[in-house]
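Chain by chain, the residues run as shown.
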Amino acid sequence: MASTQEHYDDHLGPIYTWMLGGFDAACSAAEEELDNAGLAPAKGDVVVDLGCGSGQFSIVLARNGASVLAVDCCKPLLAELDQRSGELNVRTIHSDMLSFRRHLSQPASGIVCMGDTLTHLPSKEDVQVLLRDVASALKSGGVFVATFRNYAGDGPMGDARFIPVQSDANRILTCFIEYGRFSVGVTDLVHERDGDSWQLRTSSYEKLRLEPAEVSATLEESGCHVRTENGSRGMVRIVAVR
Ligand SMILES: C[S@@+](CC[C@H](N)C(=O)[O-])C[C@H]1O[C@@H](n2cnc3c(N)ncnc32)[C@H](O)[C@@H]1O
């Protein structure tokens, strides 16, 4: 079993943007998600993107005038974002998102943690620590948006555990998931064409089984008004206003 960082550095990071269908498609989806969440920063607003990946949310927020702090523990993904951000106001930070406040010098107008990133943290206690820090780092009226998968229930059984994610003529990404008591084991299987044959690479890591109610309760206890909605790609969206 790989650590989350190993999984992204060595396996998923280099093909992450391809997995999303390319960067332009990812930006269009990000724009729609942020519109639906009602996060529309004004020019100069400071916004933090926790677990930014290759940065489609950071880019969309910066195009709208925000000054973005993009935090991720995967260097190849941050390098991709650096290449794409050009003149936009995006500062990439290679760090554990649990330490994001060290890099923030003023209260944030917005904080986002998108695309099932919260479930990548090692424990529910870590999620609570992060959410309390998020609430403290927001200015009054500031907004936090998170999307993540609700892994409640028994989970898929048998063949349904194999999920086709993305494919083209040269590569196929399939995800295999297996529910444990507190976590979900995730294996990303990557088949890549090598001349007339195919090579298989695999890597496994764990995600937390996080309940939307736990997330909203912690944010409410930290002084936020919270709503829970359906997000894109079957995820739950939590929107918290400080
Ligand atoms: C599923 S991807 C989501 C990326 C992006 N937010 C999106 O919506 O496409 C999760 C990202 O979180 C990063 N990540 C996971 N755990 C992290 C941590 N503790 N600190 C910083 N980044 C982390 C991974 O490197 C990866 O880029």
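Residues numbered from 1 in each chain as written. Predicted model: local features only at pLDDT ≥ 70, side-chain atom pairs only at ≥ 80, totals over all residues. Heavy atoms only, no water.

A.B. asks: Could you clarify how one ought to interpret the overall build of the protein in this entry?
C.D. replies: Helix and strand counts for the protein stand at seven helices and eleven strands. Per-residue burial over the protein gives 50% buried out of 242 residues. Just so you have it, the protein exposes about 11,400 Å², and 46% of that area is on carbon and sulfur atoms. Side chains of the protein carry 22 positive and 33 negative charges; the gap between the two charge centres is 4 Å. (Helix = DSSP H or I, 4+ residues; strand = E, 2+ residues; numbered from the N terminus. Buried < 20%, exposed > 50% of the residue type's maximum accessible area, 1.4 Å probe, protein only. Areas by Shrake-Rupley, 256 points an atom, 1.4 Å probe, with all protein chains shown as cover. Lys, Arg positive; Asp, Glu negative; His and termini not counted. Charge placed at Lys NZ, Arg CZ, Asp CG, Glu CD.)

A.B. asks: It is not clear to me how the environment of Asp35 should be interpreted in this structure. Could you clarify?
C.D. replies: Looking at the secondary structure, you find Asp35 in helix α3 (residues 23-37). Through-space distance from the C-alpha of Asp35 to that of Val239 is 12 Å; in sequence the pair is 204 residues apart.

A.B. asks: What exactly am I supposed to notice about the packing of α3 against helix α4 (residues 56-63) here?
C.D. replies: The relative placement of two packed helices comes down to the angle between their axes together with the axis-to-axis distance. At their nearest, the axes of α3 and α4 sit 8 Å apart, and the two run at 65 degrees to each other. Between α3 and α4 lies a crossing whose hand is right-handed. Contacts from Phe23, Ala26, Cys27, Ala30, Glu31, Glu33 and Leu34 of α3 reach α4 at Gln56, Phe57, Ile59, Val60, Leu61 and Arg63. Within the contact of α3 with α4, the residues separate by chemical class into nine nonpolar, one polar and three charged. (Axes fitted to C-alpha atoms, helices over the stretch in contact; angles between N-to-C directions. Left-handed = near helix turned anticlockwise from the far one by under 90°. Contact = heavy atoms within 4.5 Å. Nonpolar A, V, L, I, M, F, W, Y, C, P; charged D, E, K, R; others polar.)

A.B. asks: Hey, could you run me through helix α1 (residues 4-12) in this one?
C.D. replies: Along an α-helix, residues three or four apart share an orientation, since each turn contains 3.6 residues. Taken together, the buried positions of α1 are His7, Tyr8, His11 and Leu12. Viewed end-on, α1 has its buried residues packed into an arc of 110 degrees, placing them on one side of the element. Buried residues along α1 sit in contact with α2 (16-19), α5 (75-85), β7 (171-179), β8 (183-194) and β9 (197-208). (Arc of directions from axis to C-beta.)

A.B. asks: Where do I start with the pairing of strand β5 (residues 138-148) in this structure?
C.D. replies: Within a regular strand, side chains alternate between the sheet's two faces. β5 sits mainly inside the fold: eight of its eleven residues count as buried. Pairing of strand β4 (residues 108-113) with β5, which is carried by five bridges, proceeds in the parallel orientation. Looking at the pairing, Cys113 lines up with Ala146 of β5. A crossover connection joins β4 to the parallel β5 through helix α6 (residues 124-137); in handedness this β-α-β unit is right-handed. With six bridges connecting them, β5 and strand β11 (residues 236-241) associate as antiparallel partners. Bridge pairing links Thr147 to Arg237 in β11. (Pairing = 2+ DSSP bridges. Right-handed = clockwise from strand over helix to strand, strands pointing away.)

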